[in-house]
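Here are the chains, one letter per residue:
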Amino acid sequence: LKLTTSTMLTSSGINAEYGLRGTRPGLWLDVGCGPGNSTKQMLGYADKIIGVDVSETQVAVARKTIQDPSLSFLQGSCEKLPVEDNSVDVITVVQAVHYFDIPAFFKEVDRVLLPGGVVGLICYPDPTITSSTSLTSALNHLNYSFLKPFFPASRYEHFKRAYADIALPYTRHNTHVVPLELPLSFSSLLDLVSSWSGFQNYCNHHKLNIEQGLEACEGEIERFLKDGDKEKEQILGYKCTMVSAIKE
């Protein structure tokens, strides 16, 4: 997932736009940053980077685990971003905008984004295990059956269209798709599942800790496994999409 984000940024309209200008962003805002996994991939792309999340717990984790002089984390909502008017060059949202009040978020984007600034929405829906049809079936089962009640319905609608159904706030906009394949062990697969908000909601609903929740999910996965699936290193495939727009 780290490679997914950084590869998307380097090949996206964000870098292309600022490369053409012969400059680099001053302030980059990563909204819905969670524990900062995507935010830290932006290091080196701007003079200052701020990760924003509504959860104080997630912000505390990010502050503890990721430290860099150019990077900070703030608690705040997508409807009230904790920065000044006309102060931001780039805003990104990685795998999170489907949880937002999107019209309210875009209103805030317009408030804080400088003219010529870029907003980019990144998603990587429906990963597949390209080396194993049985593990792909297991992932689909978790996504569309076992954990589905614990994801918002809007997630599936936006993912189905790779964010193409989201009306961007500016007329200058682009879509970039980057296919990726990453090595994946079985333990890494469980780490991936544990990062899903639907998994976390499942654990909260059933009053389970992370280990207990993963044990339940592993039991569901094992229903689909063939011999050797758990021991063999697999290949995780994504089609990572960014839709971006430039403020005039």
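Rules used throughout
Residues numbered from 1 in each chain as written. Predicted model: local features only at pLDDT ≥ 70, side-chain atom pairs only at ≥ 80, totals over all residues. Heavy atoms only, no water. Buried < 20%, exposed > 50% of the residue type's maximum accessible area, 1.4 Å probe, protein only. Helix = DSSP H or I, 4+ residues; strand = E, 2+ residues; numbered from the N terminus. Pairing = 2+ DSSP bridges. Right-handed = clockwise from strand over helix to strand, strands pointing away. 1 Å grid on protein atoms, 1.4 Å probe; cavity = no way out; pocket = protein on both sides within 12 Å on 5 of 7 lines; lining within 4 Å. Points joined across faces, edges and corners; volume = space filled by probe spheres on them. Nonpolar A, V, L, I, M, F, W, Y, C, P; charged D, E, K, R; others polar. Contact = heavy atoms within 4.5 Å. Expected span 1.5 Å × (residues − 1). Arc of directions from axis to C-beta. Polar contact = N/O pair within 3.5 Å; in protein donor to acceptor, adjacent residues only side chain to side chain. Core = buried A, V, L, I, M, F, W, Y, C linked by side-chain atoms within 4.5 Å. Salt bridge = Lys/Arg side-chain N within 4 Å of Asp/Glu carboxyl O. Phe/Tyr/Trp six-rings, centres within 6.5 Å; stacked < 30°, edge-to-face > 60°.

(A) Main features of the pairing of strand β2 (residues 48–53). Within β2, five of the six residues are buried, which leaves it mostly tucked inside the rest of the structure. As defined by bridge partners, strand β1 (residues 27–31) adjoins β2 across five bridges and the pair is classed as parallel. Pairing of Leu29 across the sheet is with Ile50, part of β2. Across five bridges, β2 lies against strand β3 (residues 71–75) in parallel orientation. The residue bridging Val52 from the neighbouring strand is Leu74, located in β3. Crossover β2 to β3 through helix α3 (residues 56–65) is right-handed.

(B) Just the layout of surface pockets, in detail. The space that makes up the largest pocket amounts to roughly 1,300 Å³. Lining the largest pocket are 49 residues, and of these Pro35, Gln95, Tyr124, Ser195 and Trp196 lie nearest its centre. Counting residues per element, the ones that place at least two in the lining of the largest pocket are α1 (2–11), β2, α5 (133–146), α6 (153–160), β7 (172–184), α7 (186–194), α8 (197–206) and β8 (234–246). In terms of residue count, the dominant contributor to the lining of the largest pocket is α8 (four residues). Within the lining of the largest pocket, the residues separate by chemical class into 25 nonpolar, 18 polar and six charged.

(C) Broad picture of the environment of Asn143. Following the sequence through the fold, Asn143 ends up in helix α5. When the C-alpha atoms of Asn143 and Asp53 are compared, they prove to be 24 Å apart, with 90 residues separating the residues in sequence. Dropping the residues within four chain positions of it, Asn143 is found in contact with Lys148, Phe151, Arg155, Tyr156 and Trp196.

(D) Representation of helix α9 (residues 210–222) in the model. Its 13 residues place the ends of α9 18 Å apart at the C-alpha level, agreeing with the 18 Å of an ideal helix rising 1.5 Å per residue. Of all the residues in α9, the buried ones are Gly213, Leu214, Cys217, Glu220 and Ile221. Seen end-on, α9 carries its buried residues on one side only, within an arc spanning 115 degrees. Exposed side chains of α9 directed beyond 90 degrees from the buried face belong to Glu211 and Glu215. For α9, the elements touching its buried residues are α5, α7 and α8. The N-capping residue of α9, defined by a side-chain oxygen 3.2 Å from the backbone nitrogen of Glu211, is Asn209.

(E) Region of the structure containing the nonpolar core. Grouped together as the largest cluster of nonpolar side chains are 47 residues, with contacts concentrated most on Trp28, Leu147, Leu189, Trp196, Phe199 and Ile221. Residues contacting Trp196, with those up to four places away along its chain left out, are Leu139, Leu142, Asn143, Leu147 and Phe151.

(F) A look at the pattern of salt bridges. Evaluation of the coordinates by the stated rule reveals seven salt bridges. A salt bridge links Glu220 to Arg223; its shortest N-O distance comes to 2.8 Å. Judged by its relative accessible area of 58%, Arg223 falls in the exposed class. For Glu222, the salt bridge is made with Lys230, and the minimal N-O distance between the two is 2.9 Å. In the salt-bridge network here, residues are joined through shared partners; they are Asp85, Glu108 and Arg111.

(G) Expanded view of the packing of aromatic side chains. Summed over all chains, the structure comprises six aromatic pairs. Judged by centre distance (5.1 Å) and plane angle (50 degrees), the rings of Phe146 and Tyr202 are tilted. On the criterion of sequence distance, the pair formed by Phe146 in helix α5 and Tyr202 in helix α8 is long-range, its members being 56 residues apart. We classify Tyr202 as buried; its relative accessible area is 9%. Three or more aromatic residues joined by ring pairs form one cluster here, namely Phe100, Phe105 and Phe106.

(H) How the structure looks around α6. Listing the buried residues of α6 in full gives Arg155, Tyr156, His158 and Phe159. Buried residues along α6 sit in contact with α4 (102–112), β5 (113–123) and α5. Once α6 ends, the next one or two residues include Ala162, with phi positive near 50 degrees.

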